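A look at the structure
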Amino acid sequence: HALCPEKAPTLVSVYKRLEKSYFDFFTGQIFESCVLGCLMFIAMTWAQVPYALLIAVLTSIFAFVPYVGAWFACGIGAILILFDDPRKALICVIVYAVVQFVENQFIYPKVVGNSVNLPAIYILLSAMIGAKLFGVVGIIFAIPLVAVTVEIVREDVHARLKNLNNKTKTNFE
């Protein structure tokens, strides 16, 4: 307020939106990580893969990084299983790939999209663009940033349309 009083209300508004968006995103991310861990445990148990619980817990932890984080858990699990039974390691990777595909295409965009109020396609695009521009950090921070940007643009468009409608009504009266 002291440095730029004319811009302070706008800056505070944007900051509050960013704060809410990041909180909602991280909450959705935590929920989604738990869902993915449970799905992995069920699938790995069904496929009789050793260390199913360990892999599921690692998946829940690493899945906090969208799209790529859970694959680190797969790698660790596959290496552990490789020492026990090489065939099961291959089964582990195949089961993991199937569950990850389903989760990344259907569950993740829906859960996180609902948490930040974005359509699934925006989630996918913002994560891909964020990854391309800034790597893992870009994946984590792009989705909430896009959510805030879309919200601000929506409000601006609605305000402009409302203003345009008011001008049109005045001209005809």
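Below: a short report on this structure. Residue numbering note: each chain is counted from 1, following its sequence as written. This being a predicted model, a pLDDT of at least 70 is required before a residue's local features are given, and a value of 80 or more before pairs of side-chain atoms are given or counted; all residues contribute to the totals for chains, interfaces and linings. Here the side-chain values reflect all heavy atoms present in the structure, with hydrogen atoms and water set aside.

1. Observations regarding the side chain of Asp-24
For clarity, the threshold we go by: Strands here are runs of E lasting at least two residues and helices are runs of H or I lasting at least four, both read from the DSSP assignment and numbered beginning at the N terminus. We call two N or O atoms a polar contact when they sit within 3.5 Å, provided that within protein one can donate a hydrogen and the other can accept it, with sequence-adjacent residues counted only if both atoms are side-chain atoms. Any two residues whose heavy atoms approach within 4.5 Å at even a single point are treated as in contact.
One can find Asp-24 in helix H1 (residues 8-46). Of note is the side chain of Asp-24, whose polar atom sits 2.6 Å from the side chain of Lys-20. With near-sequence residues (within four places) excluded, Asp-24 lies in contact with Ser-115 and Val-116.

2. Overview of the packing of H1 against helix H2 (residues 52-62)
Any two packed helices are characterised by how steeply their axes cross, that is the angle between the axes, and by the distance between the axes. The criterion, for reference: An axis is simply a line fitted to the C-alpha atoms; with a helix, the fit covers only the stretch in contact. Between two such axes, the angle follows the N-to-C directions and lies from 0 to 180 degrees. These descriptions rest on fixed angle ranges, namely under 35 degrees for roughly parallel, over 145 for roughly antiparallel, 65 to 115 for roughly perpendicular, and the rest for oblique. By convention, the crossing between two helices is left-handed when the near helix turns anticlockwise from the far helix through less than a right angle, and right-handed when the turn is clockwise. Following the grouping adopted for this structure description, the nonpolar residues are Ala, Val, Leu, Ile, Met, Phe, Trp, Tyr, Cys and Pro, the charged ones are Asp, Glu, Lys and Arg, and the polar ones are all others, Gly among them.
Between H1 and H2, the least distance of the axes is 8 Å, while the angle of their chain directions is 160 degrees. Here H1 is positioned roughly antiparallel relative to H2, judged by the angle of their axes. Every pair of crossing elements has a handedness; the one defined by H1 and H2 is right-handed. In contact with Ser-33, Cys-34, Leu-36, Gly-37, Met-40, Phe-41, Met-44 and Thr-45 of H1, H2 contributes Ala-52, Leu-53, Ile-55, Ala-56, Thr-59 and Ser-60. Looking at side-chain class alone, the contact of H1 with H2 contains nine nonpolar, five polar and no charged residues.

3. Re the packing of helix H3 (residues 69-84) against helix H4 (residues 86-116)
Two elements in contact, H3 and H4, have axes separated by 7 Å at closest approach and are oriented at 160 degrees. Considering the angle they form, H3 stands roughly antiparallel to H4. In the crossing of H3 with H4, the sense of the turn from one axis to the other is right-handed. Note on element contacts: H4 touches H3 through Pro-86, Lys-88, Ala-89, Cys-92, Val-93, Tyr-96, Ala-97 and Gln-100, opposite Ala-70, Trp-71, Ala-73, Cys-74, Ala-78, Ile-81, Leu-82 and Asp-84.

Fair warning: the whole summary comes from geometry, so function is off the table for now.
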